[in-house]
Amino acid sequence: MFMLKVGVLASGSGTNLQAIIDACNEGKINAEVAAVISDNRNAFALERAREHGIESFFSDASDKRRHEEEIDRIFGERDVGLIVGAGYMRILSPQFVKKWYGRIINIHPALLPSFKGTDGQGDALKYGVKITGCTTHFIDEETDHGPIILQAAVRVKDGDDRDSLAARILKVEHQILPRSIDLFEQGRLEIHGRKVRILPGDSWMEYALPDVLYSEGF
Ligand code: GRF
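Figured I'd write up the structure that's included with this text. (Residues numbered from 1 in each chain as written. Predicted model: local features only at pLDDT ≥ 70, side-chain atom pairs only at ≥ 80, totals over all residues. Heavy atoms only, no water.)

## Here's the deal with the packing of helix α1 (residues 15–25) against helix α6 (residues 162–185)
Two numbers describe how α1 lies on α6: the axes approach to 9 Å, and their chain directions differ by 50°. Regarding the angle of α1 to α6, the classification is oblique. The two elements α1 and α6 cross, and the hand of that crossing is right-handed. Each of Thr15, Asn16, Ala19, Ile20 and Ala23 in α1 lies in contact with α6, whose residues at this interface are Leu170, Glu173, His174, Leu177, Pro178 and Ile181. (Axes fitted to C-alpha atoms, helices over the stretch in contact; angles between N-to-C directions. Helix = DSSP H or I, 4+ residues; strand = E, 2+ residues; numbered from the N terminus. Parallel < 35°, antiparallel > 145°, perpendicular 65-115°, else oblique. Left-handed = near helix turned anticlockwise from the far one by under 90°. Contact = heavy atoms within 4.5 Å.)

Here it is in structure tokens:
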């Protein structure tokens, strides 16, 4: 039976990668992670891949063109149907995005378009917002800008510091990223300009965490 092959890009600890692997292994998503590529040779995400028998590659991103050629080759050779940025901290070139547009998604730990960039959690906290959250979106040629797939809103609590807030958001990232892959695999994501239409079907609301607001389609 056809199974979607997912190529994961990660730069850090890989808890989002772990959530994807777990969701695949639990049969929540009809997909498998075909390969993990990191721009950080010490990324624990690479160790997580190895622990699960998933091919893992370090790709030096200091030469962006070579880095992207490696990503394209490694994922292309493995018939990857969807690339997922899971805590991947690099900006992909417009050429690369053009080639993969519609088949490459990302997770951002804030409610885009607010708090783009590399510290969405800290920026939101410093700004004094009362509600923040996380976003999955298709990657387009601008940073943290592509059509939004899912969002979930999380309260900022009194006494939160960056780490406590980031940890609360991370739990929800681990839900909406696998769910976004699931919706893609089911063919239920339609991009209409800036809008993503999610076709009707099953729901993951049975997994909803208390006090979190999920967008339509979760
Ligand atoms: C996550 O909040 C992710 O959104 C951000 O880095 C954090 C850690 O991600 N980019 P992971 O544990 O490496 O998946």
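After that view of the structure, there is still more to cover.
## As for the sheet that holds strand β4 (residues 82–85)
Strand order across the open sheet formed by eight strands is β3-β2-β1-β4-β5-β6-β7-β10, with mixed pairing between neighbours. Both outer strands of the open sheet, β3 (55–58) and β10 (213–214), are each paired with one neighbouring strand and no more. With two bridges joining them, strand β7 (residues 148–155) and β10 adopt antiparallel strand pairing. Counterpart to Ala152 in the pairing with β10 is Tyr214. Along the sheet face, helix α2 (residues 44–51) touches β1 (4–10), β2 (31–38) and β3 and points at about 155° away from the line of β3. (Pairing = 2+ DSSP bridges.)

## Describing the site of the ligand
Neighbouring the ligand are the residues Gly12, Ser13, Gly14, Thr15, Asn16, Ala86, Gly87, Met89, Pro109, Gln121, Leu170 and Glu173. Take Ser13: an N or O atom from its side chain is 2.7 Å from an oxygen atom of the ligand. A distance of 2.6 Å separates an oxygen atom of the ligand from a polar side-chain atom of Thr15. For the ligand, whose accessible area on its own is 360 Å², the fraction buried by protein is 84%. Among the detected pockets, the ligand sits in the largest pocket. At the level of elements, α1 and α6 are the ones that each hand at least two residues to the shell around the ligand. Taken domain by domain, the shell around the ligand gets at least three of its residues from each of domain 1 (1–90) and domain 2 (107–218). (Near = heavy atom within 4 Å. Polar contact = N/O pair within 3.5 Å; in protein donor to acceptor, adjacent residues only side chain to side chain. Areas by Shrake-Rupley, 256 points an atom, 1.4 Å probe, with all protein chains shown as cover. 1 Å grid on protein atoms, 1.4 Å probe; cavity = no way out; pocket = protein on both sides within 12 Å on 5 of 7 lines; lining within 4 Å. Sits in = over half its atoms within 2 Å of the grid points. Domains from an automatic or database assignment.)

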